[in-house]
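This is what each chain is made of:
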Number of protein chains: 2
Amino acid sequence: MTNETLASLSEADVLSRIFPRLPAASAQLLGPGDDAAVVAAGDGRFVVTTDMMIHGPDFRLAWSTPHDLGWKAAATNLSDVAAMGAVPTALVVAIAAPPHTPIETIEGIADGLRDCCAALAPGCGVVGGDLSASDTLTLAVTAFGDLQGRAPVLRSGAQPGDIIAAAGTLGDAGRGLALLFSEAVTEDGAPDATSAARVRAAAPELIAAQLAPSPPISLGAVAATAGATAMLDVSDGLAIDAGRLARASSVSVDFDSAELGAHPQAVLHGGEDHALLATFPAATALPEGFRRLGTVREGDGVVLVDGHPHDQGGWDPYRGWDGAAG
Amino acid sequence: MTNETLASLSEADVLSRIFPRLPAASAQLLGPGDDAAVVAAGDGRFVVTTDMMIHGPDFRLAWSTPHDLGWKAAATNLSDVAAMGAVPTALVVAIAAPPHTPIETIEGIADGLRDCCAALAPGCGVVGGDLSASDTLTLAVTAFGDLQGRAPVLRSGAQPGDIIAAAGTLGDAGRGLALLFSEAVTEDGAPDATSAARVRAAAPELIAAQLAPSPPISLGAVAATAGATAMLDVSDGLAIDAGRLARASSVSVDFDSAELGAHPQAVLHGGEDHALLATFPAATALPEGFRRLGTVREGDGVVLVDGHPHDQGGWDPYRGWDGAAG
């Protein structure tokens, strides 16, 4: 550590430290440095999604490394692109940070963005961004994708009789978060880095699923090509997100409990895995990486398990967050 | 006021209050409600820029109305699209707000986004977004544009002999901010709503230039069509931004003091006007809305006034902001 902070360096110095770390995008026609970037849109359309990560409600610096933050900010946005059946092409990234933030924090975020793109969406890169001062460390990522001439796969296309299937972990991210809240806090409940490191060593897969998830980005386009009738990104838990798909498609979704594994409550209610949930016509051979979870039935937006209605629960970004809680 | 806050309403309720207020985009192929939006990119490319507005460094709620915030967040991003010579097509908008924020604040921001698009970039609309909890009210806008088959107008194309010209106000936004800091604060320097209203009534144009600017968005594509060789958005003051153009183009820019008006220091150093600064071949008849400011000369990135070197000054997002200052 060099004791260099955002306040002690010029904006040009900070940018010169970040730019070389950022991944280049194959679709980039004009990159950072002008008023705006220019990105190729091969089929005359582009997919776009945006998502913020906020210190406090969305991450704790005692638990996440800067690399984790960059990785997760990229992964969660790439996942929304993949859930349309598109191939991610580019990101723009706005970071707002307190002036006392060490430059190494911003460099680590940039490294996480780069490594996530390289691992999950090769060819996708950062084409632009913004750097601001804020009391609250905030990452705002906007991601773009190429449908390659295909129709987008919406939430609304599921048909009775379809298979419902998932790719990626379900429940692990929620179990990882539960571990952090129970075992990586001080006696008064504040996030604690030392015990977080211990928890991470003891349960690396669950903690990685929460702090630096690796959703199956490439399988979005694969599912679209295989004929997926509906698809979405499981961000708020399988029950809630299946309910969204069911309501949008005016069907019911019936999960087989035997397919929900050893931790069905975590699978149904744990959020932030960013698995892909997709429906396919019954005769489809599921693409590699997808596993059958159940069947789409006639209905009106209800989620069932073994034919019985399941309480979908609920989640709200403004419940359970109080600034005073740190 | 109904005492309804973000925390007292469900996310679905909040979105149902916001969506009807947002402007539709002509280029929208798929709008809000799925994992991502789909936007038309007529010529197989899209222009993209992103910019955050943060409570504290970028705005004060004692000075700006929610409508002002939505307007300015749109206007500043639209201006970066226009500065490439593109026509703005769409925005995505991420808002992070404290849970106690009244729903009317978010509605006002949405109304400002809508009214700004309608006034400055008809046909441009909001195709997606994100709503998060944060201790710091934050708006992150990403804007898209259509080059309509033209090459983007970069900062780097100015040639010795070109005219340098501007469209839009220069200095007014900085003069408005100076008025707010001198006359719309309490005795201990905190922003004050009552005196801000008095200042706004006394100097409506200067205050509007700062809090809800109306940059000449449509003139970006007009300048490109007229043959502009270089262009950028004047966000940090004419001297700094002319220096950027001069360095990118490896030229010098020589302003005629007679063209800088009655407040040359404000024109040269006041930021946030979002005027368009463009260079045109000497024989060009300037498009309506542009006025000549001087001449591009051979040189190495220097800004001159009447042939004499001018100190460009500097600006840094991490200087002059201290969270404790409120």
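Here is what the cut-offs are and how they apply
Residues numbered from 1 in each chain as written. Chains lettered and ligands numbered in written order. Predicted model: local features only at pLDDT ≥ 70, side-chain atom pairs only at ≥ 80, totals over all residues. Helix = DSSP H or I, 4+ residues; strand = E, 2+ residues; numbered from the N terminus. Rg over C-alpha atoms; globule rule 2.2 N^0.38 Å. Contact = placed C-beta atoms within 7 Å. Least-squares fit on C-alpha atoms with pLDDT ≥ 70 in both. Core = buried A, V, L, I, M, F, W, Y, C linked by C-beta atoms within 7 Å. Buried ≥ 20, exposed ≤ 12 C-beta atoms within 10 Å, placed from the backbone. Domains from an automatic or database assignment. Nonpolar A, V, L, I, M, F, W, Y, C, P; charged D, E, K, R; others polar. Pairing = 2+ DSSP bridges. Axes fitted to C-alpha atoms, helices over the stretch in contact; angles between N-to-C directions. Expected span 1.5 Å × (residues − 1). Parallel < 35°, antiparallel > 145°, perpendicular 65-115°, else oblique. Left-handed = near helix turned anticlockwise from the far one by under 90°.

Draft legend 1. Highlighting the overall build of chain A. Scanning chain A for helices and strands turns up nine helices and 13 strands. Relative to a compact globule of 326 residues, whose C-alpha radius of gyration would be 20 Å, chain A shows 20 Å and is just as compact. On the principal axes, the C-alpha backbone points of chain A span a range of 60 × 55 × 30 Å. For chain A, restricting intrachain contacts to residue pairs at least 6 apart in sequence, the fraction spanning at least 24 positions comes to 87%.

Draft legend 2. Representation of the relation of the copies chain A and chain B. The operation relating chain A to chain B is a screw motion whose rotation component is 180 degrees, with 0.0 Å of axial translation and a residual RMSD of 0.0 Å. Expressed as a symmetry operation, the mapping of one chain copy onto the other fits a two-fold axis. When C-alpha positions in chain A are compared against the rotation axis, the closest is assigned to Gly-44 of chain A, at 2.3 Å.

Draft legend 3. View of the nonpolar core. Within the largest apolar cluster, 216 residues are counted, with the highest numbers of intra-cluster contacts made by Leu-276 and Leu-277 of chain A together with Leu-276 and Leu-277 of chain B. The residues touching Leu-276 of chain A, leaving out its near neighbours within four places in the chain, are Ala-82, Ala-83, Ala-166, Ala-167, Gly-168, Pro-216, Leu-219, Gly-220, Ala-223, Met-231 and Asp-233 of chain A.

Draft legend 4. Structural context of the domain arrangement of chain A. All names here are of chain A. As far as domains go, chain A holds domain 1 (11–146) and domain 2 (163–168 + 215–309). The C-alpha centroid of domain 2 is placed 28 Å from the C-alpha centroid of domain 1. Going through the elements one at a time, helix H2 (66–82) and strand E4 (87–97) are the ones with two or more residues in the side of domain 1 that touches domain 2. At six residues, H2 tops the list of elements feeding residues into the side of domain 1 that touches domain 2. Of the residues assigned to the side of domain 1 that touches domain 2, the class counts are ten nonpolar, three polar and one charged.

Draft legend 5. Highlighting the sheet that holds strand E10 (residues 275–280) of chain B. Residue and element names in this part refer to chain B. Reading across the sheet, the seven strands line up as E8-E10-E7-E11-E9-E12-E13 and stay open at both edges, with mixed pairing between neighbours. In this open sheet, the two edge strands, each paired with only one partner strand, are strand E8 (230–234) and strand E13 (308–309). Pairing analysis gives five bridges linking E8 to E10, with the strands arranged antiparallel. Across the sheet, residue Asp-233 finds its bridge partner in E10, namely Leu-276.

Draft legend 6. Spotlight on the sheet that holds strand E5 (residues 125–133) of chain A. In space, the six strands of this open sheet follow the order E5(A)-E4(A)-E6(A)-E3(A)-E2(B)-E1(B), with mixed pairing throughout. A single partner strand is all that each edge strand has here, and the edge strands are E5 of chain A together with strand E1 (28–30) of chain B. In this sheet, neighbouring strand axes are inclined to one another by 25 degrees on average, regardless of whether the strands run parallel or antiparallel. For strand E3 (residues 45–54) of chain A and strand E2 (residues 37–40) of chain B, the ladder comprises four bridges, and the chain directions are antiparallel. The partner of Arg-45 of chain A across the bridge, within E2 of chain B, is Ala-40 of chain B. Running at roughly 170 degrees to E4 of chain A, helix H3 (residues 103–120) of chain A makes contact with E4, E5 and strand E6 (138–146) of chain A of the sheet.

Draft legend 7. Broad picture of the interface of chain A and chain B. Contacts between the two partners involve 59 residues from chain A, matched on the other side by 59 residues from chain B. Sorting the residues of the side of chain A that touches chain B by element identifies strand E1 (28–30), strand E2 (37–40), E3, H2, E4, E5, E6 and strand E8 (230–234) of chain A as the ones contributing at least two each. Grouping the constituent residues of the side of chain A that touches chain B by class yields 34 nonpolar, 14 polar and eleven charged.

Draft legend 8. Geometry of helix H4 (residues 172–183) of chain A. All names here are of chain A. Taking 1.5 Å as the rise per residue, H4 with twelve residues should run 16 Å; its terminal C-alpha atoms sit 16 Å apart, in good agreement. Every buried residue of H4 is accounted for by Asp-172, Ala-173, Gly-174, Arg-175, Gly-176, Leu-177 and Leu-180. Contact partners of the buried residues in H4: helix H5 (193–202), helix H6 (204–211) and helix H9 (264–269).

Draft legend 9. Seen up close, unusual backbone geometry. All names here are of chain A. Even without glycine at this site, Glu-272 takes up a positive phi of about 75 degrees. Within the secondary structure, Glu-272 sits in the loop between H9 and strand E10 (275–280). A positive phi is found at His-274, a non-glycine position, where the angle reads about 60 degrees. With respect to the helices and strands, the residue His-274 is situated in the loop between H9 and E10.

Draft legend 10. Quick peek at the environment of Val-267 of chain A. Counting through the fold element by element, Val-267 of chain A comes out in helix H9. If we skip the residues at most four places from it in the chain, Val-267 of chain A touches Leu-170, Gly-171, Leu-238, Leu-260 and Gly-261 of chain A.

Draft legend 11. Quick peek at H6 of chain A. Among the residues making up H6 of chain A, those that are buried are Leu-206, Ile-207, Ala-209, Gln-210 and Leu-211 of chain A. Here the buried face of H6 of chain A lies against H2, H4 and H5 of chain A.

Draft legend 12. A look at the packing of H4 of chain A against H5 of chain A. Residues and elements named next belong to chain A. Their axes nearest at 9 Å, the elements H4 and H5 cross at an angle of 140 degrees. The orientation of H4 relative to H5 falls into the category oblique. With respect to the hand of their crossing, H4 and H5 are arranged in right-handed fashion. Residues Leu-179, Leu-180 and Glu-183 of H4 pack against Ser-195, Ala-196 and Val-199 of H5.

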